[in-house]
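The lines below spell out each chain.
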Amino acid sequence: MSSEDAGEPGDPAGTGASDTGGESETDHENALQDVIAVDPEDVAQGTVNRLDAHTGDGIRHRAFTCLVFDRDGRILLAQRAPNKRLWDGHWDGTVASHPVEGQSQEDATEQRLEEELGISPDQYDDLRVTDKFEYKRYYPNEGVEWEVCAVLKVTLDDTALDPDDEEIGGMLWADYDHLHENPGLYRQLRLCPWFEIAMRRDFS
């Protein structure tokens, strides 16, 4: 893992959590879920509360992001719904979440692809893990992501989509090479930090 992917509290991306807009943190749905705490090598250290893992200075935990492509080399960008606590309205490439205890990254990804985008396993046959990295980024006044993030890729034979409005605010297909080579042209999309890291490493 590259230390260049880790951000500190002084990172330009933001500052630590201090205000959640008046909502009691214990009332947030994430307070009812657990994630897998890990060491820097992604060795499990038990489970921790999901909200605790994403507030204050955070707790390092296991996560994944899946890059979804079509046969023409385009990547599907999915906008995070406005009700998301962290990085709401930002564009991801394509889904990101956390496996639960006892769940593989592939199984967790398959589940989220179907739940968020309506993509079923019969639409692809090449889901695979391609990378893994650790990063830490603060989201102003709301929280933090401190993850050992696996990167998975999948190419759709059938690009039919049925997005969940509670998860997805918008969708667009973009030429992956063009996106990487011309980041300034896509700046208005506000890309999620974990996706930008995954893409940079993918082309390095």
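Residues numbered from 1 in each chain as written. Predicted model: local features only at pLDDT ≥ 70, side-chain atom pairs only at ≥ 80, totals over all residues. Heavy atoms only, no water.

- If you look the chain up in an unreviewed UniProt entry, it shows as Isopentenyl-diphosphate Delta-isomerase from Halorubrum xinjiangense.

**Regarding the nonpolar core**
Then step 1. Among the nonpolar cores identified, the biggest contains 25 residues, and I75, L77, L179 and F195 are the most heavily contacted of them.
Then step 2. Tallying contributions element by element places helix α4 (residues 193–203) first for this core, with five residues.
Then step 3. Residues in contact with I75, not counting those within four places in the same chain, are L67, V68, F69, G93, T94, L172, W173, A174, Y176, L179 and F195.
Then step 4. Among the nonpolar cores identified, the runner-up in size contains 16 residues, and V68, L76, L113 and Y124 belong to it. (Core = buried A, V, L, I, M, F, W, Y, C linked by side-chain atoms within 4.5 Å. Buried < 20%, exposed > 50% of the residue type's maximum accessible area, 1.4 Å probe, protein only. Helix = DSSP H or I, 4+ residues; strand = E, 2+ residues; numbered from the N terminus. Contact = heavy atoms within 4.5 Å.)

**Considering unusual backbone geometry**
Note: most residues except glycine have negative phi, and most peptide bonds are trans.
Then step 1. The omega angle of the peptide bond from G93 to T94 is 15 degrees, so this bond is cis rather than trans.
Then step 2. In this structure, T94 sits in the loop between β5 (91–92) and β6 (95–97).
Then step 3. Phi angles above zero are rare outside glycine, and W87 is one such case at about 55 degrees.
Then step 4. When you line up the elements, W87 lands in the loop between β4 (74–80) and β5.
Then step 5. For R190, which is not glycine, the phi dihedral falls at a positive 55 degrees.

**Considerations on the pairing of strand β2 (residues 44–49)**
Within a regular strand, the side chains alternate between the two sheet faces.
Then step 1. As defined by bridge partners, strand β1 (residues 34–38) adjoins β2 across four bridges and the pair is classed as antiparallel. If you follow V35 over to β2, its bridge partner there is V48.
Then step 2. Connecting the antiparallel pair β1 and β2 is a turn made up of five residues, with D42 showing a positive phi of about 70 degrees. (Pairing = 2+ DSSP bridges.)

**With respect to the UniProt feature "binding site: Mn(2+)" (unreviewed entry) in the chain**
Then step 1. The UniProt record marks H54, H61, H98, E145 and E147 with the feature "binding site: Mn(2+)" (unreviewed entry), using the residue numbering of this structure. A maximum C-alpha distance of 12.1 Å is found for the annotated residues, which run over 94 residues; spatially they form one tight group.
Then step 2. The residue H61 is located in strand β3 (residues 61–69) in this model.
Then step 3. What makes H61 buried here is its relative accessible area of 0%.
Then step 4. Contact partners of H61, with chain neighbours within four places excluded, come to V35, I36, A37, V38, A53, H54, H98, E145, W146, E147 and V148.
Then step 5. A distance of 2.8 Å separates a polar atom in the side chain of H61 from the backbone oxygen of I59.
Then step 6. Of note, E145 is situated in strand β8 (residues 143–155).
Then step 7. Judged by its relative accessible area of 7%, E145 is buried. (UniProt positions renumbered as here; feature names shortened; annotations may be inferred. Polar contact = N/O pair within 3.5 Å; in protein donor to acceptor, adjacent residues only side chain to side chain.)

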